[in-house]
Structure formats: structure tokens, C-alpha cells
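So the chains spell out like this:
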Amino acid sequence: MPADPAPGFRPHRVVVLALDGLLPFELGIPHRIFGRPKDARGRPLYEVITCSIRPPGPVQTDADFAIQVGHGPEMLATADTVIVPASYELGPVFEDGVLTDELAAALAHIRPGTRLAAICTGGYVLAAAGYLDGRPATTHWAESEHFQRLFPQVEVDADVLFIDDGDVLTSAGVAAGIDLCLHMVRRDHGTAIANEVARRTVVPPHRDGGQAQYIHRPLPDPQMASTTAARAWALGRLHEPIQLRDMAEQEALSVRTFTRRFREEVGVSPGQWLTQQRVERARHLLESTDLSVDQVARDSGFGTAQSMRQHLQAALGVTPTAYRRTFRIAGGGIDRPGGVTAQR
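These notes cover the structure that comes with them. Small disclaimer: the values here were computed from a predicted structure and weren't measured.

Regarding the overall build of the protein chain
Looking only at helices and strands, the protein chain features 14 helices and 10 strands. Looking at the protein chain residue by residue over its 344 residues, the buried ones come to 50%. Put simply, of all contacts in the protein chain between residues at least 6 apart along the chain, 66% involve residues at least 24 apart. For the protein chain, the exposed surface amounts to about 15,500 Å²; the carbon and sulfur share of it is 53%.

In C-alpha cells form, the structure reads like this:
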């Protein structure tokens, strides 16, 4: 086991549960995302460990190779966060919504209060174990109806990329697992560190959990204009008042047509999207500058500190001052299992 890099410092331990039939890509997501973040002194903020539900040994993937896992289920007892990637061989978990004895015994090692996350069909494991009872969750859109029938006690939302319900998080398929893991880094240590991880991974730094999955729907007419130019135009002037008609004019569309196409492409309304971008701008400024709260509010387009406070409270569950105190870059982030907010 790696030694602590400094006395009194302990990285947040992420334990990834490797199940037979797992998807290698999704198994690699937590290692890639959580293996990158470091604090201001260059110390890793996370320690990522893979374990099996059996003693150390090979675990078969859904490809033509197995992986050698060096830890058994007892490692789950040491986790601050447990992540369950997708598997195509869940057996009775997928068919009947019940755990095998072996899997139940492994999950019994998890300590109360441990943060739990599932990527794609890994959510079946959390649901079968009862962790999602009465809670919102998502999974791959192709399995959402089956998931809801199997677990009627779960509030399934098939349209979103991921759901953060505090100590339990779930994501849609494949790349949405990247969004989920980046979201957890952002929740733990702020936007600057999460954005640096995203840059090194060459992925978009932020796709909000409420963004729509790429569900199969009738394709729009290929001649229809995109809303990309309007979004780029708006991002360049977030500090200014932006009206819906101004965005629509960038695409030479009526407000009604623009709004419909925007929602089809982005998954939220233009107004919701603008608020999300302004919240992200405010977070960045609070973390990386010494600007007053009033100036941050103006530069991020909220106009007044009171307006920004209301939006940050709604989105993050904290005030601007509390957010800045927690996530100042000079402080190198925080080291704790939880986060500052529960988002849907």
C-alpha cells in the first residue's frame, strides 16, 4: 500500500469494484480521472484501488481478455468512495433485481457513510442492494425502462447524464461516467482542479448532470441550423445582460424555433443553460481571484451579489463566501468523503 506522502495527510481512497463481464473502458474511467488531481504541494488528492468480490485473481471483462485484480472484497471496508462500473454479466442482479450471496457478502464490507457511485449498469448493483430505494437515479437510456420495472422503488430519470443525490451518485452509460467522476472531483476540490484534470484527459471540463442523454429520437433536419454560434456568442459576454432574442438573432431564427432547437441540442432551455454557465464562471472567479463578491457577481452576469447568492445557493447549496473559503486554489482543495452539494 502506498505510504502517506506527508504526516497527517491522507488521500481520499476510491475503491473500484471490478465485476465479471465489466467494460474495460468504464473500469478505467475512475483511475484516469481520480488518478490525476494533486494539491498545491503536488500531493495526490486521491488513491484509486481496484478490488474484486473474490480473493485476488483474474476478473473476466466483456472483451477477449481478463484483468488481474490484486485486492479482494475486504478492501471495500477502507473506501471513502466506492465506484461500481458497468458489467454485462450481472446475472440475477440484472434479471431479478437480487444480489448473489457472493456479491452481498462483498458489499457488506462497505462502511456506513461511504460515498457510493455507479457508472451505467453498475446502478443495478446499488439498486439491488437497496442503496437507491426512494432516491433519484439514472442509468443508460437503453436500460432505463427495464431498470424502472425491476426497481419500482427507485425514481428513475432516463434523460440525464448523471444524478448526484449526496452520498449516492449514478450515471448514464460510457462517457457519462467521465462526467460523473469529474463532477465528484469538482464537488470535492473545486472547478480549477477538475478543469485541469479535464484538460489533461482532453474532454469537456463540464457537462451538467441535467444535460440530456443521447437517446434515440427522430433526427432533426440536417439543413437546420445549429445553436453552436449562439452559445459561443453568449459565452463571450456572460457579464452582459443577454436576452433570448439576442441569442436567436445569432442564428437568424425566431425565438420559438431557436428555443426548440436549443433544447433538442443541449437538453435544457437557453435560460437554464445561461444560468449554469454563469454559475461556473462565478465558481472560477471565487476560486482563482481576489475580486469582491459584488465584482464576481457583475463579471459573471448575475448583476448583484444577492442574485448570485441565490443562484449559488440553489445550484451548490452554499453561499459565495462559503464556497470561496472552501475552494481557494491556494488551499489546495479539501480532503473529505463528501461534497458541498447534492445536485440533480
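Picking up where we left off.
Focus on unusual backbone geometry
Backbone geometry places Cys 120, a non-glycine residue, at a positive phi of 60°. Within the secondary structure layout, Cys 120 lies in the loop between strand 6 (115–119) and helix 4 (122–128). With relative accessibility at 6%, the residue Cys 120 sits in the buried group. A positive phi angle, near 55°, is found at Ala 252, a position not held by glycine. The residue Ala 252 is located in the loop between helix 9 (244–250) and helix 10 (255–266) in this model.

Comments concerning the pattern of salt bridges
The tally for this structure, following the rule as stated, stands at 16 salt bridges. Between Arg 200 and Glu 196 there is a salt bridge whose closest N-O contact spans 3.1 Å. Taken together, the residues Arg 200 and Glu 196, both in helix 7 (residues 191–201) and four residues apart, mark about one turn of the helix. Residues Glu 240 and Arg 237 are paired through a salt bridge, measuring 3.7 Å at the closest nitrogen-oxygen approach.

Observations regarding the nonpolar core
In terms of nonpolar packing, the biggest core is built from 34 residues, with Ile 33, Phe 34, Ile 83 and Met 184 touching the most fellow members. Those elements that provide at least two residues to this core are strand 1 (12–17), helix 1 (24–34), strand 4 (66–69), strand 6, helix 6 (176–189) and helix 7. No other element matches helix 6, which puts seven residues into this core. In contact with Met 184, not counting residues within four places along its chain, are Phe 34, Tyr 46, Ile 83, Arg 115, Ala 117 and Leu 169. Formed by 31 residues, the second largest nonpolar core is a distinct cluster that contains Val 84, Leu 116, Phe 147 and Val 154.

A closer look at the pairing of strand 6
Of all five residues making up strand 6, five are buried, and the element is well covered by its neighbours. Of the two faces of strand 6, the one lined by Arg 115, Ala 117 and Ile 119 and the one lined by Leu 116 and Ala 118 are each fully buried. When strand 5 (residues 81–84) meets strand 6, the two strands line up parallel, connected through four bridges. The residue bridging Val 84 from the neighbouring strand is Ala 118, located in strand 6. Where strand 6 meets strand 10 (residues 168–171), four bridges bridge the pair, whose relative direction is parallel. From the neighbouring strand, Leu 116 faces strand 10, where its bridge partner is Val 168.

Some points on the pairing of strand 4
The side-chain alternation of strand 4 yields one buried face, formed by Ile 67 and Val 69, and one unburied face, formed by Ala 66 and Gln 68. Bridge count between strand 3 (residues 57–60) and strand 4: four bridges; the pairing is antiparallel. The residue of strand 4 that forms the bridge with Gln 60 is Ala 66. Connecting the antiparallel pair strand 3 and strand 4 is a turn made up of five residues.

Describing the packing of helix 6 against helix 7
Axis separation between helix 6 and helix 7 bottoms out at 7 Å; the angle between their running directions is 150°. By the criterion of interaxial angle, the relationship of helix 6 to helix 7 is roughly antiparallel. Considering the relative orientation of helix 6 and helix 7, their crossing is right-handed. Contacts between helix 6 and helix 7 involve Leu 182, Val 185, Arg 186 and His 189 from the former and Thr 191, Ile 193, Ala 194, Asn 195, Val 197 and Ala 198 from the latter. Considering only residue class, the contact of helix 6 with helix 7 consists of six nonpolar, three polar and one charged.

Quick word on the packing of helix 8 (residues 228–235) against helix 10
Where helix 8 meets helix 10, the closest approach of the two axes is 10 Å, and the angle between their N-to-C directions is 90°. On the basis of the axis angle, helix 8 is roughly perpendicular to helix 10. Residues Thr 228, Ala 230 and Arg 231 of helix 8 touch helix 10, and the partners they reach there are Phe 258, Phe 262, Glu 265 and Val 266. Considering only residue class, the contact of helix 8 with helix 10 consists of four nonpolar, one polar and two charged.

Considerations on helix 10
The end-to-end C-alpha distance of helix 10 is 16 Å, a good match for the 16 Å that 12 residues give at a rise of 1.5 Å each. Within helix 10, the full set of buried residues consists of Thr 257, Phe 258, Arg 261, Phe 262 and Val 266. Taken around the axis of helix 10, the buried residues stretch over an arc of 135°, which confines them to a single face. In this fold, the buried residues of helix 10 make contact with helix 8, helix 9 and helix 11 (270–288). A positive phi of about 95° marks Gly 267, the residue just after helix 10.

Calculation rules
Residues numbered from 1 in each chain as written. Predicted model: local features only at pLDDT ≥ 70, side-chain atom pairs only at ≥ 80, totals over all residues. Heavy atoms only, no water. Helix = DSSP H or I, 4+ residues; strand = E, 2+ residues; numbered from the N terminus. Buried < 20%, exposed > 50% of the residue type's maximum accessible area, 1.4 Å probe, protein only. Contact = heavy atoms within 4.5 Å. Areas by Shrake-Rupley, 256 points an atom, 1.4 Å probe, with all protein chains shown as cover. Salt bridge = Lys/Arg side-chain N within 4 Å of Asp/Glu carboxyl O. Core = buried A, V, L, I, M, F, W, Y, C linked by side-chain atoms within 4.5 Å. Pairing = 2+ DSSP bridges. Axes fitted to C-alpha atoms, helices over the stretch in contact; angles between N-to-C directions. Parallel < 35°, antiparallel > 145°, perpendicular 65-115°, else oblique. Left-handed = near helix turned anticlockwise from the far one by under 90°. Nonpolar A, V, L, I, M, F, W, Y, C, P; charged D, E, K, R; others polar. Expected span 1.5 Å × (residues − 1). Arc of directions from axis to C-beta.

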